[in-house]
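The residues making up each chain are set out below.
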Amino acid sequence: MDNVCINDLILKLYDVGAVKFGEYKMKNGMISPIYMDLRVVISYPSLMNEVSGLIYQRVQTEQLKFDSVCGVPYTALPLATIICSSNDLPMLIRRKEAKDYGTKRMVEGKYCEGEICLIIEDTVTTGGSILETAEVLYKEGLKVTDAIVLVDREQGGMAMLASKGIRLHPVISMFKLLDVLLAANHIDAQTVRDIRKFILANNTFSAKDENSVGCLAAKKSRKEQNQELSYGARAKLPNIHPLASKLLRIMEEKQSNLCMSADVTSCAELLQLADSLGPKICLLKTHVDILQDFTLDFTQTLKALAEKHNFLIFEDRKFADIGNTVKHQYEGGIYQIASWSHIVNAHAVPGPGVVKGLSAVGRPLDRGCLLIAQMSTQGSMATGEYTQSVLKMAEEQADFVFGFICGSKISKRPEFIHMTPGVQIQAGGDGLGQQYTSPEEVICNKGSDVIIVGRGILGASDRVETTESYRKSGWEAYTKRLGQTGQ
């Protein structure tokens, strides 16, 4: 989706008063410093058409499969109407209350049992309104697998819906909206900090025990699956972490399982790498604390490049302290990692508290974490029983942990993503303990999903050409692996 179009839409929403600042009571009772009053959009026909067009563009980008569309009453009803009438799509209307005369139906329109209905919503905080609509549709024999929302407040709605088997696809995230309004001088930096702090402190979702219908369905599908799933098929698993799903879809779309390790010491060089190599990678891995000229403005530019080139940002922070300490390291300090990095990683040495501390900050922002199960350095003690303990910790906290840094595949669950560092086309070592393995060995033989390459690219005379070579090599190893399993 065009980042310029999204930015322009945010500014238009602000101009018509759809974005309000102050103190507003939300449906769930909390008092919020920001309120999305999208009902006002109905008085601006051209803006209504633009909003509807971008929502449908997101539908097409995600290649969603459905038989009908239903807007959550009431604000999303006109959006759904425009989308359906403009694109010749069947529409359903969910009533908030049944009539006591006529057909007395709760869902109006033509449909058949077993069909899939796509839900459209204007704003999501808890995800409760989407779930209410889905439950009405379920009673009519319909299925709901996906929902599109114009604005996600990033307060846990996506995670809650994912726990119920519904994937949420936002057009605009709250943090994106704040960034655009700050850049346009419509709000000041203090307002942004206050709202970010509010969002982080007011996550509305707590993980449920793994006894839900979605979990049971996922376990059943794993037992029935005798062949390895493709990245695209894994992205659609009912109980997969939303960020893991997004990464797998990026990998499938770009035909890239390459993570570039941008271990450079200047912001300018890192941004140049992100811009020039971004089209060829699925992830950009950073070590923000080695940058000699770090500023928060740098992170805004990096986020924009990630959107432009469709890759995720992975800050290789390797958190390894008690929960309260890592919570502050992740959320605050000079780096404010949670505000810009999609993914972080952590050592399991401190115990589950390290993940709980990170999760308290990251889950409301729909972030995710990798646990370090193995390392690519000679003599590493991350082996054997330690690795198995890491696996157990990940399984117990799969609402935030979605994968591993490892030398080879350690879990049979297709929801977990395995990423392997120390990859070079020519295997060997560097004299300082780093051991290098080839892409084919890592992907095809050891069963990992993502290759992490740093010096193999940074040391090349032509970094773009070398990156393409690694992308091609990693993808060929993946397709070879699928061929071996008959996928």
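This write-up is about the structure you can find in this document.

Focus: the environment of methionine 260
Link 1 in the chain: Positionally, methionine 260 belongs in strand E9 (residues 258–261).
Link 2 in the chain: Of the residues examined, methionine 260 reaches a relative accessible area of 0% and is grouped as buried.
Link 3 in the chain: Sequence separation of methionine 260 and alanine 274 is 14 residues, and the distance between their C-alpha atoms is 8.9 Å.
Link 4 in the chain: If we skip the residues at most four places from it in the chain, methionine 260 touches Leu273, Leu277, Ile281, Leu283, Leu284, Lys285, Val453, Ile457 and Leu458.

Some points on the sheet that holds strand E15 (residues 417–420)
Link 1 in the chain: Strands sit in the order E9-E10-E11-E12-E13-E14-E15-E18 around a closed barrel of eight strands; the barrel is parallel. With strand direction ignored, the average angle separating the axes of adjacent strands in the sheet is 30°.
Link 2 in the chain: Pairing of strand E13 (residues 368–372) with strand E14 (residues 401–405) involves four bridges; the strand directions are parallel. Looking across to E14, one finds that cysteine 369 is bridged to valine 401.

Let's talk about the sheet that holds strand E3 (residues 68–71)
What holds strands together in a sheet is hydrogen bonding between their backbones, with the strands either parallel or antiparallel.
Link 1 in the chain: A sheet is described by the order of its strands in space; here six strands give the open sequence E5-E4-E3-E6-E7-E8, paired in mixed fashion. This sheet does not close on itself; its edge strands, each paired only once, are strand E5 (107–108) and strand E8 (167–173).
Link 2 in the chain: Examined bridge by bridge, E3 and strand E4 (residues 91–94) share two bridges and lie parallel to one another. Within E4, the position partnered with cysteine 70 by the bridge is leucine 92.
Link 3 in the chain: In this fold helix H2 (residues 45–62) packs onto strand E6 (117–124), strand E7 (146–152) and E8, with an angle of close to 135° to the strand it touches most, E8.
Link 4 in the chain: Sitting on the sheet, helix H6 (residues 174–183) is in contact with E7 and E8, with an inclination near 5° to E8.

Notes on the nonpolar core
Link 1 in the chain: Counting residues in each nonpolar core, the largest one holds 157 residues, and the members touching the most others are Ile172, Leu177, Leu283, Phe404 and Met419.
Link 2 in the chain: Here this core gets seven residues from one element, more than from any other, and that element is H2.

Description of the pairing of strand E18 (residues 450–453)
Link 1 in the chain: Side chains Val450 and Ile452 project from E18 onto one buried face, and the interleaved Ile451 and Val453 project onto a second face that is buried too.
Link 2 in the chain: Looking at chain direction, E9 and E18 are connected through three bridges and run parallel. Each residue of the ladder has a partner; that of leucine 258, found in E18, is isoleucine 451.

Quick word on the environment of glycine 351
Link 1 in the chain: With respect to the element layout, glycine 351 can be found in the loop between strand E12 (343–346) and helix H14 (353–362).
Link 2 in the chain: A sequence separation of 42 residues divides glycine 351 from methionine 393, and the C-alpha atoms of the two residues are 8.2 Å apart.

Observations regarding the pattern of salt bridges
Link 1 in the chain: Enumeration according to the criterion identifies 23 salt bridges in this entry.
Link 2 in the chain: In this structure, aspartate 316 and lysine 285 form a salt bridge, with 2.9 Å as the shortest nitrogen-oxygen distance. Separated by 31 residues along the polypeptide, aspartate 316 in strand E11 (residues 312–319) and lysine 285 in strand E10 (residues 283–286) bring together distant segments of the chain. A single burial state applies to aspartate 316 and to lysine 285, both of which are buried.
Link 3 in the chain: Members of the salt-bridge network, linked through shared partners, are Asp8, Lys12 and Glu50.

Parameters and conventions
- Residues numbered from 1 in each chain as written.
- Predicted model: local features only at pLDDT ≥ 70, side-chain atom pairs only at ≥ 80, totals over all residues.
- Heavy atoms only, no water.
- Helix = DSSP H or I, 4+ residues; strand = E, 2+ residues; numbered from the N terminus.
- Buried < 20%, exposed > 50% of the residue type's maximum accessible area, 1.4 Å probe, protein only.
- Contact = heavy atoms within 4.5 Å.
- Pairing = 2+ DSSP bridges.
- Axes fitted to C-alpha atoms, helices over the stretch in contact; angles between N-to-C directions.
- Core = buried A, V, L, I, M, F, W, Y, C linked by side-chain atoms within 4.5 Å.
- Salt bridge = Lys/Arg side-chain N within 4 Å of Asp/Glu carboxyl O.

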